[in-house]
Amino acid sequence: MENFIAKHTFLVTGGAGFIGSHLVDFLIKHHAKKVVVLDNLATGYWHNLAHLANEPNFHFIEGDIRSYTTCLQACEGIDFVLHQAALGAVARSVQDPFQTHEVNVQGFMNMLRAVKTLPVRKMVYASSSSVYGNTQVFPQQEDKLGQLLSPYACTKYINEIYAQIFFQTYRTNCIGLRYFNVFGPRQNPDGMYAAVIPRFIKALLQEEQAQIYGSGEQSRDFTYIDNVVYANMLALMQPTETLQERVFNIACGENVSLNNLWHHLNQFNRTTQPMYYTTERPGDIRQSWASIALAEKHLGYSPQVYSREGLWQTLAWYKAQSVVV
Ligand SMILES: NC(=O)c1ccc[n+]([C@@H]2O[C@H](COP(=O)([O-])OP(=O)(O)OC[C@H]3O[C@@H](n4cnc5c(N)ncnc54)[C@H](O)[C@@H]3O)[C@@H](O)[C@H]2O)c1
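Predicted model, so just to flag it, every value in this text is computed and none were measured. Starting from 1, residues in each chain are numbered consecutively following that chain's sequence as written. The model is predicted, so local features are restricted to residues of pLDDT at least 70 and side-chain atom pairs to those at 80 or more, both for listing and for counting; the totals for chains, interfaces and linings are taken over all residues. Values shown for side chains rest on all heavy atoms present in the structure; no hydrogens or waters enter the calculation.

Draft legend 1. Geometry of the pattern of salt bridges. One speaks of a salt bridge when a side-chain nitrogen belonging to Lys or Arg is within 4 Å of a carboxyl oxygen belonging to Asp or Glu. By the definition in use, this model includes seven salt bridges. Close ionic contact of Glu-102 with Arg-66 constitutes a salt bridge, the shortest N to O distance being 3.7 Å. Remark: Arg-66 occurs in the loop between strand 3 (58–62) and helix 3 (68–75) and Glu-102 occurs in helix 5 (residues 97–117); sequence separation between them is 36 residues. Throughout this description, buried means an accessible area under 20% of the type-specific maximum (1.4 Å probe, protein chains only), exposed means over 50%, and partly exposed covers the range between. Given a relative accessible area of 39%, Glu-102 falls into the partly exposed group. For Arg-178, the salt bridge goes to Glu-160, with nearest N and O atoms at 2.7 Å. Of this pair, Arg-178 sits in strand 6 (residues 174–179) while Glu-160 sits in helix 6 (residues 151–170), placing them 18 residues apart in sequence. Taken as a pair, Arg-178 and Glu-160 share a single burial class, namely buried. Among the charged side chains, a salt-bridge network with shared partners connects Asp-64, Arg-66 and Glu-102. Each helix is a run of DSSP H or I of at least 4 residues and each strand a run of E of at least 2, with the numbering of both proceeding from the N terminus.

What follows is the structure, encoded as structure tokens:
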């Protein structure tokens, strides 16, 4: 892997965000020839990358994927693209479906066009477990989708369809990774669209009750960030030029309810803090639990860190930060 990374140039869109910044760190740590980040800092932060500012192989472009010219410029001289830039959060997309569409669909199309136009070898892009919608098939398999439940899920599914069509029509080499509830250090605990794990950890460390939307029996396949970074590297390195399978679940293959999540965090923290329940949010899926067989078979993926270990590490990281205590 080290050899591969050292020989190539990479563009990480959304590289100032939670997942993107971990990808950038990994590439720089493994001596990538060049790593370019394209990010408009809409939901990401320069402080996630500030420690790399003096690395000679690191370049930051503050720009928007909604501009095709910007995407094209960012892809100049790039071998591989890791496309992470998007507006996440189901609730945000329910609030403003048009903005989510512009960034997640129009922005994706601009990247696809740039990758097709220039001699980029491959684009690995972030899809989402939300595309499973209300499926009743568990564990979730890539080709068994239910009905979509939110504008966000819709944008991610449109990405997959376009990537498939571009592959069929132009042989554009794109691979989609359906991330399942990623968590780990640097995930933003603040704001109305914060993900559940950083939100719970913040509540725990501030000795507040955790808010749960719904009964708390909804479950998620929580996936520690290291697994996602590993999967992206595998997807870059595997020869996928002729592979018929173009999207893969990236998860742990575990199923943890939100009630249990809060319980585990309290165990680790040696506390017994209470939680309170409010009404369910529209667009939220009830259960997510992935089959990772396809990623195992074609990418050689297996989880490197399971959810309990990841939770423990994440809690330790937030405890070491002064921002949430
Ligand atoms: N975190 C998860 O659990 C999860 C699950 C499934 C899929 N995903 C997907 O993974 C990707 C990364 O998610 P994340 O959790 O790191 O979110 P994040 O919000 O931390 O990162 C997204 C980054 O994209 C940037 N961005 C947003 N709009 C942009 C635009 N118009 N132009 C350029 N940059 C823009 C943001 O500033 C941010 O740095 C997203 O595509 C998201 O949909 C995340």
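And the narrative resumes.
Draft legend 2. Examining helix 7 (residues 196–205) more closely. Counted residue by residue, helix 7 has nine buried out of ten residues, so it is predominantly covered. Within the span of helix 7, buried status applies to Val-196, Ile-197, Pro-198, Arg-199, Phe-200, Ile-201, Ala-203, Leu-204 and Leu-205. We call two residues in contact when some of their heavy atoms are within 4.5 Å. Residues of helix 7 that are buried sit in contact with strand 7 (182–183), strand 8 (210–213), helix 9 (258–269) and helix 11 (307–320). Phi for Glu-207, located one or two positions after helix 7, is positive at around 55 degrees.

Draft legend 3. Structural view of the environment of Lys-297. In this structure, Lys-297 sits in helix 10 (residues 293–299). The exposure class of Lys-297 is exposed, given its relative accessible area of 64%. With 118 residues separating them along the chain, Lys-297 and Tyr-179 place their C-alpha atoms 17 Å apart.

Draft legend 4. Broad picture of the sheet that holds strand 11 (residues 247–250). A pair of strands is labelled paired if DSSP reports no fewer than 2 bridges between them. With parallel pairing, the seven strands of this open sheet are ordered in space as 3-2-1-4-5-6-11. The outermost strands of the open sheet, each flanked by one partner alone, are strand 3 and strand 11. Strand-to-strand twist across the sheet, computed as the mean angle between neighbouring axes with direction ignored, equals 20 degrees. For strand 1 (residues 9–13) and strand 2 (residues 34–39), the ladder comprises five bridges, and the chain directions are parallel. In the strand pairing of strand 2, Leu-11 is matched with Val-36. Helix 3 rests against strand 1, strand 2, strand 3 and strand 4 (80–83) of the sheet, and its axis sits at about 170 degrees to strand 2. Whenever a helix is involved, its axis is fitted only over the stretch in contact; in every case the axis is a line through C-alpha atoms, and angles between N-to-C directions fall within 0 to 180 degrees. Packed onto the sheet, helix 5 meets strand 1, strand 4, strand 5 (122–128) and strand 6 and runs at close to 165 degrees relative to strand 5.

Draft legend 5. The arrangement of the packing of helix 5 against helix 6 in detail. Taken N-terminus to C-terminus, the directions of helix 5 and helix 6 make an angle of 20 degrees; their axes are 9 Å apart at the nearest point. The angle between helix 5 and helix 6 places the two elements in the roughly parallel class. By crossing handedness, the relation of helix 5 to helix 6 is classed as right-handed. The residues of helix 6 that touch helix 5, namely those facing Pro-97, Thr-100, His-101, Asn-104, Val-105, Phe-108, Met-109, Leu-112 and Lys-116, are Pro-151, Tyr-152, Thr-155, Lys-156, Ile-158, Asn-159, Tyr-162, Ala-163, Phe-166 and Tyr-170. Roughly parallel means an angle under 35 degrees; roughly antiparallel, over 145; roughly perpendicular, 65 to 115; everything else is oblique. Crossing handedness is defined as follows: a turn of the near helix away from the far one that is anticlockwise and smaller than a right angle gives a left-handed crossing, while the clockwise case is right-handed.

Draft legend 6. Summary view of the site of the ligand. We call a residue near a molecule or strand as soon as one heavy atom of that residue lies within 4 Å of the molecule or strand. Lining the immediate environment of the ligand, one finds 27 residues, of which Asp-39, Thr-43, Asp-64, Tyr-152 and Val-182 sit closest. Pairs of N or O atoms are called polar contacts if they sit within 3.5 Å, as long as, within protein, a hydrogen donor faces a hydrogen acceptor (for residues adjacent in sequence, only side-chain-to-side-chain pairs). One of the backbone nitrogen or oxygen atoms of Ile-65 is found 3.0 Å away from a nitrogen atom of the ligand. Val-182 places a main-chain nitrogen or oxygen 2.8 Å from an oxygen atom of the ligand. For the ligand, whose unbound accessible area comes to 820 Å², protein coverage reaches 90%. At the level of elements, helix 2 (18–29), strand 5 and helix 6 are the ones that each hand at least two residues to the shell around the ligand. Examining the composition of the shell around the ligand, we find that three residues originate from one element, strand 5, more than from any other. Classifying every residue of the shell around the ligand gives 13 nonpolar, ten polar and four charged. Each accessible area is a Shrake-Rupley estimate made with a 1.4 Å probe; only the visible protein chains count as cover when residues are assessed. Under the grouping applied here, Gly and all other residues not named as nonpolar or charged are polar, the nonpolar ones being Ala, Val, Leu, Ile, Met, Phe, Trp, Tyr, Cys and Pro and the charged ones Asp, Glu, Lys and Arg.

The quantities given are spatial measurements derived from coordinates; they are silent on function.
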